[in-house]
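# A closer look at the structure
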Amino acid sequence: MSMAESAMPTIESGAPSGGDAPCGSGDASGGDAASGGDTGSGGDASGASGGDAGSGGDAASGGDAGSGDGADPKAAMPDGAFPAAAAPDEVGRSDAVASIAVSATLAANEALASKRRAGIPVLPLAFGEAGLPVHAALREALAAAAGRGGYGPVAGLTPLREAGAGYWQRRGLPTQLEQVVCGPGSKPLLFGLLMAIGGDVAVPKPSWVSYAAQATLMGAQPHFVPTPPGEGGIPDPYLLTKTVKAARAAGRRIRSVVVTLPDNPTGTIARQSTMRRLCMTAAELGLTIISDEIYRDLVHDLVNASAGDALATAAAAAAAAPSPATIAPDCTVVTTALSKSLALGGWRTGIARLPDGRHGVALRDRLLGIASEVWSTPPGPVQQAAAYAFNEPQVLTDRVSASRRLHSQMARAVAARFTSVGAQVPFPQAAFYLYPDFGPVREQLRLTHGVNTSADLSALLLDRYGIGVLPGSAFGDDSPALRLRVATGMLYGNTEHEREAALSASEPLALPWIASTLTRLDEVLEDLTLSGSSGRRMARPG
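So, here is what we can say about the structure in this document. Fair warning: this is a prediction, and the values are worked out from it, not measured in the lab.

Reading the values: the criteria
- Residues numbered from 1 in each chain as written.
- Predicted model: local features only at pLDDT ≥ 70, side-chain atom pairs only at ≥ 80, totals over all residues.
- Heavy atoms only, no water.
- Pairing = 2+ DSSP bridges.
- Helix = DSSP H or I, 4+ residues; strand = E, 2+ residues; numbered from the N terminus.
- Axes fitted to C-alpha atoms, helices over the stretch in contact; angles between N-to-C directions.
- Polar contact = N/O pair within 3.5 Å; in protein donor to acceptor, adjacent residues only side chain to side chain.
- Buried < 20%, exposed > 50% of the residue type's maximum accessible area, 1.4 Å probe, protein only.
- Arc of directions from axis to C-beta.
- Contact = heavy atoms within 4.5 Å.
- Phe/Tyr/Trp six-rings, centres within 6.5 Å; stacked < 30°, edge-to-face > 60°.
- Lys NZ or Arg CZ within 6 Å of the ring centre and 35° of its normal.
- Parallel < 35°, antiparallel > 145°, perpendicular 65-115°, else oblique.
- Nonpolar A, V, L, I, M, F, W, Y, C, P; charged D, E, K, R; others polar.
- Salt bridge = Lys/Arg side-chain N within 4 Å of Asp/Glu carboxyl O.
- Right-handed = clockwise from strand over helix to strand, strands pointing away.
- Core = buried A, V, L, I, M, F, W, Y, C linked by side-chain atoms within 4.5 Å.
- Expected span 1.5 Å × (residues − 1).

What follows covers the sheet that holds strand 3 (residues 200-205). As a general point, the strands of a sheet are linked pairwise by backbone hydrogen bonds and lie either parallel or antiparallel. Spatially, 2-8-7-6-5-3-4 is the arrangement adopted by the 7 strands of the open sheet, whose pairing is mixed. Among the strands making up the open sheet, the edge pair consists of strand 2 (180-183) and strand 4 (222-226). For this sheet the average axis-to-axis angle between neighbouring strands, irrespective of direction, equals 25°.

Let us look at the environment of Thr-529. Positionally, Thr-529 belongs in the segment after helix 18 (512-528). Note: C-alpha distance between Thr-529 and Ala-423 (106 residues apart in sequence) is 10.0 Å. At 2.8 Å, the side chain of Thr-529 forms a polar contact with the backbone oxygen of Leu-525.

Reading across the sheet, the 3 strands line up as 9-12-11 and stay open at both edges, with antiparallel pairing between neighbours. Here the strands that pair on one side only, and so sit at the sheet edges, are strand 9 (433-434) and strand 11 (470-471).

This paragraph deals with the pairing of strand 12 (residues 484-487). Alternating residues of strand 12 divide into Leu-484 and Val-486 and Arg-485 and Ala-487, and every residue in both groups is buried. Relative to strand 12, strand 9 runs antiparallel, the two sharing 2 bridges. Each residue of the ladder has a partner; that of Tyr-433, found in strand 12, is Ala-487. In this structure, strand 11 lies alongside strand 12, joined through 2 bridges in antiparallel fashion.

Residues spaced three or four apart along an α-helix point in a common direction, a consequence of the helix completing one turn every 3.6 residues. Of all the residues in helix 5 (residues 136-144), the buried ones are Ala-137, Leu-138 and Ala-141. All buried residues of helix 5 lie within an arc of 100° about the axis, which places them on one face of the element. What points out from helix 5, more than 90 degrees from its buried face, is the exposed set Glu-140 and Ala-143. Looking at the buried side of helix 5, the elements it contacts are helix 13 (380-390) and helix 14 (394-420).

All chains considered together, the criterion is met by 7 aromatic pairs. Look at Phe-418 and Phe-438: their rings are 6.0 Å apart centre to centre, the planes differ by 80°, and that puts the pair in the edge-to-face class. Taken together, the residues span a long stretch of sequence, with Phe-418 in helix 14 and Phe-438 in the loop between strand 9 and helix 15 (442-449) at a distance of 20 residues. Relative accessible area serves as the criterion here: at 0%, Phe-438 is assigned to the buried category. Each residue in the set Tyr-167, Trp-168 and Phe-390 is aromatic and connected to the rest through ring pairs, giving one cluster. The residue whose ring lies beneath Arg-171 is Tyr-167, and the NZ or CZ to ring-centre distance is 3.7 Å.

The subject of this paragraph is the packing of helix 14 against helix 17 (residues 496-504). It is at 8 Å that the axes of helix 14 and helix 17 come closest, and there the two elements cross at 90°. Judged on the interaxial angle alone, helix 17 and helix 14 are roughly perpendicular. Contacts between helix 14 and helix 17 involve Arg-399, Ala-402, Ser-403 and Leu-406 from the first element and Glu-500, Ala-502 and Leu-503 from the second. Residues belonging to the contact of helix 14 with helix 17 are distributed by class as follows: 4 nonpolar, 1 polar and 2 charged.

Further remarks concern the pattern of salt bridges. Two side chains with opposite charge may pair up if their charged atoms get near one another. Considering all chains together, one arrives at 14 salt bridges under this definition. With its nearest N and O atoms 2.8 Å apart, the salt bridge here joins Arg-139 to Glu-496. A residue pair is termed long-range when its members are at least 10 positions apart, and Arg-139 in helix 5 and Glu-496 in helix 17 qualify at 357 residues. A salt bridge links Arg-483 to Asp-477, with the nearest nitrogen and oxygen atoms 2.7 Å apart. On the accessibility criterion, Asp-477 (10% relative accessible area) is buried. Through salt bridges that share partners, Arg-170, Arg-171, Asp-297 and Glu-392 make up one connected network.

So, about the pairing of strand 6 (residues 288-292). In the case of a regular strand, side chains alternate between the two sheet surfaces. Judged by how many residues are buried, strand 6 sits mostly within the fold: 5 of 5 residues are covered. Here strand 6 shows two buried faces, one formed by Thr-288, Ile-290 and Asp-292 and the other by Ile-289 and Ser-291. One crossover worth recording links strand 5 (residues 254-260) to the parallel strand 6 by way of helix 10 (residues 272-285), and it is right-handed.

Residues Val-414, Phe-418, Phe-438, Leu-461, Ile-467 and Leu-528 are the most contacted members of the largest nonpolar core, which totals 74 residues. The dominant element in this core, judged by the number of residues it contributes, is helix 14, at 10 residues. Apart from residues no more than four positions distant in its own chain, Leu-528 is found in contact with Phe-438, Leu-445, His-449, Leu-457, Leu-460, Leu-461 and Tyr-465. With 31 residues, the next largest nonpolar core counts Ala-220, Leu-363, Leu-367 and Ile-370 among its residues.

The end-to-end C-alpha distance of helix 7 (residues 186-197) is 16 Å, a good match for the 16 Å that 12 residues give at a rise of 1.5 Å each. Within helix 7 the residues assigned to the buried category are Ser-186, Leu-189, Leu-190, Gly-192, Leu-193, Leu-194, Ala-196 and Ile-197. One or two positions beyond helix 7, positive phi appears at Gly-198, with a value near 80°.

This is how it looks when you write it as structure tokens:
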């Protein structure tokens, strides 16, 4: 038994029936949408009320498929069956698609690339890329599989699925081959899962930009639920209950909740006690948990600053930040990929672990049906190389350890610089993200630069200083808040040689190209927070 298992007794089932686990198929708390009057019985299901897919006014707000007459969908389905997703009408679908712009992270990356082409110096702190070279062993594995040109099975090649099962097994999650589904990146898998589960989705506030966008694209509605103070990636369980019950009373059906472990955008890890309460809440409400664990192997601080420089192994990270699947296995889907831990974003490969029991079987069938019509099968050569990676040979676990150490040192160094000019920065615990809050110097930024929102602040940094960051509003944060998402993974050098040197250096921050980058950041932040009238930094509150 793993440390995580011994510390966290398992919730045997998310369903009141004790084993059928119809997660997301109904409201175990008694707050079924029909009890509050669904839109089909007294509202406008055509979207003529003026709302779009994201505002609750289109056809998706009129109840979900299988409950159009106000009946409890569980009563109309075989035991353990999974409900169909809500189907928006054509107007709602068009509005949803029209409302989606290019992803904020990709748009910011393109803006920086444009400045580079114009010869303008930039600091790339917007794009969530690991920024490290592909290991030679992975290149060889991919080259060896280059002749694999056939389609292969929809669920993925058996060697990759076996490797995925072993990967989770080593992290305290016993996994059968049938529970593993592969996709062309975890992002398409997440979208396919949202479609397969159906209904609306609860997401943390703030959270990665694509969760809410994907829900809107499928004609559903994202419901932002604030995270607990000091914890990122997980909706506050008490507020989640209020949100789900209020939505159901209004005729909407929230069927899933997304958590990110560790978190993007904050680089923090939710407490075990909060994760346990979240799992119990999801079980009571009949929600499927989608646990995005793409950064799990990049945990570099297990508790907080008092942990010093201790770097977590994958096993220690699993024990300190257990997956919700160890707590509620019948109701939790886990997704991961190699794009962050091994810097393989361009390879586009991901895997999902479906829940235990009949709920997982039903969800798998729906996901494979969607996959068969969208991506058919992930690329064969990449799958073969990914199987090698997920088997975790020593040469690659050493690589992940080295990257984890580098990410930790860079994230802490950049956090210190934001803190030095008055921003409040949650201590970075994982990956390569920071979420500085400029609230303490709000008045100074308003008077000196006319900054009132996080979008104002990010635009100022890009236009005046060539620094790409993302506004907190892109992650669902309230617009007046002055929080930014800062990604440090692209600061290791401009060439493959420099990045390899950063990985192997005992003191990477002292390397000339990294030291100069940090000096430039110091200069920008210093200038940003100087008073325009006096040339001196204004006094900070407190």
